[in-house]
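Single-letter residue listing:
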Amino acid sequence: MDSKQFAEPASAKPPTPVKIVIAGGFGVGKTTTVGAISEIKPLTTEAAMTSTGAAVDGTGGNVPSKTTTTVALDFGCITIDEEVKLYLFGTPGQDRFGFMWHDLVLGALGALVIVDTRRLDDCYPAVDYFEKAGLPFVVGVNVFDGSLKHDLEDVRWALAVGEDVPLITFDARQRLSVRDALLAVLHNTFRRASAAS
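Reading the values: rules and limits
Residues numbered from 1 in each chain as written. Predicted model: local features only at pLDDT ≥ 70, side-chain atom pairs only at ≥ 80, totals over all residues. Heavy atoms only, no water. Helix = DSSP H or I, 4+ residues; strand = E, 2+ residues; numbered from the N terminus. Buried < 20%, exposed > 50% of the residue type's maximum accessible area, 1.4 Å probe, protein only. Contact = heavy atoms within 4.5 Å. Areas by Shrake-Rupley, 256 points an atom, 1.4 Å probe, with all protein chains shown as cover. Pairing = 2+ DSSP bridges. Core = buried A, V, L, I, M, F, W, Y, C linked by side-chain atoms within 4.5 Å. Polar contact = N/O pair within 3.5 Å; in protein donor to acceptor, adjacent residues only side chain to side chain.

Engineer: Sorry if this is basic, but what is going on with the overall build of the protein here?
Structural biologist: For the protein, the count of helices and strands is six helices and seven strands. The linear arrangement of helices and strands in the protein, starting from the amino end, is β-α-β-α-β-β-α-β-α-β-α-β-α. Among the 197 residues that make up the protein, the fraction classed as buried is 45%. Contacts in the protein between residues far apart in sequence, at least 24 positions, make up 74% of those at least 6 positions apart. Summed over its atoms, the accessible surface of the protein is roughly 10,700 Å², and 56% of this surface lies on carbon and sulfur atoms.

Engineer: Please explain the pairing of strand S4 (residues 84-90) as it appears in this structure.
Structural biologist: When a strand is regular, its side chains alternate between the sheet's two faces. Burial within S4 is extensive, with six of its seven residues counted as buried. Pairing of strand S1 (residues 16-24) with S4, which is carried by seven bridges, proceeds in the parallel orientation. Bridged to Val18 within S4 is Leu86.

Engineer: What is the right way to look at unusual backbone geometry in this model?
Structural biologist: If a residue is not glycine, its phi is most likely negative; likewise, a peptide bond is most likely trans. Even without being a glycine, Ala160 presents a positive backbone phi close to 60°. Looking at where Ala160 falls in the secondary structure, it is placed in the loop between helix H5 (152-159) and strand S7 (167-170). Among the residues examined, Ala160 registers a relative accessible area of 59% and is labelled exposed.

Engineer: For this particular structure, what's the right way to read the nonpolar core?
Structural biologist: If you look at soluble globular proteins, the nonpolar side chains tend to sit buried side by side. Ile20, Ile22, Leu86, Leu88, Leu112, Phe170 and Leu182 are the most contacted members of the largest nonpolar core, which totals 23 residues. At the level of secondary structure, the elements contributing two or more residues to this core comprise S1, helix H1 (30-37), S4, strand S5 (110-115), S7 and helix H6 (175-196). The element contributing the most residues to this core is H6, with six residues. The residues contacting Ile22, other than those within four sequence positions of it, are Lys30, Thr33, Val34, Phe89, Gly90, Thr91, Leu112, Ile114 and Leu182. Core analysis: the next-biggest nonpolar cluster, separate from the first, contains 22 residues, Val21, Ala111, Val113 and Val115 among them.

Engineer: What is the right way to read the environment of Ile114 from this model?
Structural biologist: Looking at the element boundaries, Ile114 is found in strand S5. With a relative accessible area of 0%, Ile114 lands in the buried category. If we ignore the near neighbours within four places in the chain, the residues touching Ile114 are Ile22, Ala23, Gly24, Gly25, Val28, Gly29, Lys30, Thr33, Cys123, Gly140, Asn142 and Phe170.

Engineer: Quick question: what am I supposed to make of the environment of Lys41 here?
Structural biologist: With respect to the secondary-structure elements, Lys41 resides in the loop between H1 and strand S2 (43-48). Separated by 35 residues in the primary sequence, Lys41 and Gly76 place their C-alpha atoms 7.2 Å from one another.

Engineer: Any chance you could explain the side chain of Ser38 here in plain terms?
Structural biologist: Within the element layout of this structure, Ser38 appears in the loop between H1 and S2. Taking relative accessible area as the criterion, Ser38 reaches 11% and is therefore assigned buried. A polar contact of 2.8 Å, which involves the side chain of Ser38, links it to the backbone oxygen of Ile40. Here Cys77 takes part through its backbone nitrogen, which lies 3.2 Å from a polar atom of the side chain of Ser38. Setting aside residues up to four positions removed in sequence, Ser38 forms contacts with Gly76, Cys77 and Arg175.

This is the structure we're talking about:
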């Protein structure tokens, strides 16, 4: 019997866990973003939308095809390489679930704030939250139909975010596009950390 057969395998160092928050207004594509990239079946807390909930949340027909809504969080993960594994936490988009954001953001290194340029007003609370929290974030304009409705500099002006906040476009349905958006979050976080030190 070969003694090598029972030899202990060399222990490889597990990848460093990195928490990233996916945030934004109601119906901007947070659940879709997590689902498009996660290497595990994403945990979602989707519930059917009711007329009462829609009235409370003030959706007002802005997203008429949306029949479900996140009521707690979305969770997924993706291994970037042997050194880094991203854990993705998607926030609920409605104001009434805002109390959960603090817990979801705790320990995060960065955030992707998803924007729908058809409904910019829904995006202000997320941008304001991360500015006040001091958490590095990237604004990702979700290109729903494959075309950009507004120039990115116009979006930057409308959101009143400085040049130090990266502004990108991506498609929440496309895995590679989501990957690039998450890499932008990582690069922004590392850039901010380097500048601070």
